[in-house]
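# Secondary and tertiary structure notes
Letter by letter, the chains look like this.
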Amino acid sequence: MSEITLHHCHEARSMRSLWLLYELGVPFNLVVHEFGKELRSETYLGKHPLGRVPCLEIDGTVLFETGAITEYLCEKFESDLGRYAGDPERMEWLQWLHYAETVAVHGATLTQQHIVIYEDKDRSPLLMKLEAKRLEKALEVLDVHLEGQEYMLRAFSAVDISLGYSVFVAQHFVDLNRFEALSAWMKKISARSAFRESLPKSTDSLIYSRPFYYIP
């Protein structure tokens with residue numbers, strides 16, 4: 001049996017890996033860090049040189065990119081959440097797995113502008129507006145794809161997890177109600193027990209203290 005440790009911050013990208021581990025149903029150790037200086041410690045930087053999460057320790061090896069973690073875990077445990085060489089959905093699975101970062105990068109910029117930057121004078125309302133529009137466009141692609149289907153592929157897979165986290169963040173900056181199919185999909189996947197298990201159990205060390213952040 002593999003020994004697995006996931007380093008995690010509540011509501012950060014590591015939530016993808018946490019959700020996936022719960023879906024896989026494999027035993028693992030969870031180390032929760034506060035979002036900020038704790039990740040810059042000498043000990044943690046020895047695991048992840050950029051001081052970010054996720055960081056997955058497995059069988060003496062470290063992985064710290066969510067896409068790589070997702071692919072590796074699906075393959076290692078031969079999960080039906082993955083799509084492998086020869087599978088007719090393999091190409092589409094890879095596309096949507098990595099599209100999750102296309103969505104997430106706009107959410108990350110908006111998170112930085114609204115939350116990480118403390119002083120109003122240092123924030124850019126123009127950048128916020130541009131990134132919110134780009135995020136809307138990225139979500140529109142998902143909304144169109146999801147019309148008439150329950151999941152991103154024929155059945156629930158790891159791409160729903162990766163994209164689900166990206167949309168979880170996006171909903172703090174864009175009104176999902178304007179995207180009917182996307183909203184229905186998000187409601188469905190967020191009802192999964194593994195998703196609920198990956199959510200913070202308290203309000204301690206949350207990144208998002210508000211349900212929605214308006215552009216000033």
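Residues numbered from 1 in each chain as written. Predicted model: local features only at pLDDT ≥ 70, side-chain atom pairs only at ≥ 80, totals over all residues. Heavy atoms only, no water.

## Concerning the sheet that holds strand β2 (residues 29-32)
This is how the line gets drawn: By definition, two strands form a pair when at least two bridges between them are found by DSSP. In this text, helices come from DSSP runs of H or I with a minimum length of four residues, and strands from runs of E with a minimum of two, each type numbered from the N-terminal end. Throughout, an axis means a line fitted to C-alpha atoms (over the contacting stretch in the case of helices), and angles, computed between N-to-C directions, take values from 0 to 180 degrees.
The strand order across the open sheet built from four strands is β2-β1-β3-β4, with neighbouring strands paired in mixed fashion. The sheet terminates laterally at β2 and β4 (61-63), the two strands that pair on one side only. For this sheet, the mean inter-axis angle between neighbouring strands, taken without regard to orientation, is 20°. For strand β3 (residues 55-58) and β4, the ladder comprises three bridges, and the chain directions are antiparallel. Residue pairing in the sheet places L56 in a bridge with L63 of β4.

## Considerations on the pattern of salt bridges
Formally: Salt bridges, as used here, are contacts in which a Lys or Arg side-chain nitrogen is within 4 Å of a carboxyl oxygen on Asp or Glu. Throughout, exposure labels follow a simple rule: accessible area from a 1.4 Å probe, protein chains only, divided by the maximum for the residue type, with under 20% read as buried, over 50% as exposed, and the rest as partly exposed.
On inspection of all chains with the given rule, the structure shows 13 salt bridges. R13 is the partner of E101 in a salt bridge, and the nearest nitrogen-oxygen pair spans 3.1 Å. You can see E101 sitting in helix α4 (residues 90-116) and its partner R13 sitting in the loop between β1 (4-8) and α1 (14-24), a full 88 residues away along the chain. Taking the shortest distance from any N to any O, the salt bridge between D122 and K121 comes out at 3.3 Å. Looking at K121, the relative accessible area reads 68%, which means it is exposed.

## Re the pairing of β2
We apply this condition: The path from the first strand over the helix to the second decides the hand: if it runs clockwise while the strands point away from the viewer, the crossover is right-handed.
Both β1 and β2 contribute to a ladder of four bridges, which runs parallel. Looking across to β2, one finds that H7 is bridged to V31. For the handedness criterion, the β-α-β arrangement of β1, α1 and β2 is classed as right-handed.

## Re the packing of aromatic side chains
What describes a pair of aromatic rings is the distance from one ring centre to the other and the angle between the planes of the rings. For clarity, the threshold we go by: Aromatic contacts are taken between Phe, Tyr and Trp rings whose centres are within 6.5 Å, Trp giving its six-membered ring; a plane angle under 30 degrees counts as stacked, one over 60 as edge-to-face, and the others as tilted. When the NZ atom of lysine or the CZ atom of arginine is within 6 Å of a ring's centre and also within 35 degrees of its normal, the charge is said to sit over that ring.
Going through the model one piece at a time under the given rule, you end up with ten aromatic pairs. Across from the ring centre of F156, 3.6 Å away, lies the NZ or CZ of R192, which sits over that ring.

## With respect to the environment of T111
Put simply, the rule reads: Contacts: residue pairs with any heavy atoms within 4.5 Å of one another.
Tracing the chain through its elements places T111 in helix α4. Under the relative-accessibility criterion, T111 is labelled buried at 8%. Put simply, T111 and Y208 are 97 residues apart on the chain and 8.4 Å apart in space, counted from C-alpha to C-alpha. Not counting residues within four places of it along the chain, the set of residues in contact with T111 comprises V116, V169, F173, I207 and Y208.

## Remarks on the nonpolar core
To keep things clear, this is the line we draw: For the purposes of this section, nonpolar cores are sets of buried Ala, Val, Leu, Ile, Met, Phe, Trp, Tyr and Cys residues that join through side-chain atoms within 4.5 Å.
Counting residues in each nonpolar core, the largest one holds 63 residues, and the members touching the most others are L139, L142, L163, L182 and W185. Here this core gets nine residues from one element, more than from any other, and that element is helix α6 (residues 158-170). In contact with L182, not counting residues within four places along its chain, are L139, L142, D143, L146, V167 and L176.

## Focus: unusual backbone geometry
With omega at 5°, the peptide bond leading from V53 into P54 counts as cis. Among the structural elements, P54 can be located in the loop between α2 (42-45) and β3. Located in the positive-phi region is E78, a residue other than glycine, with phi close to 50°. Relative to the elements of secondary structure, E78 occurs in the loop between α3 (66-76) and α4. By relative accessible area, which is 69% here, E78 ends up exposed.

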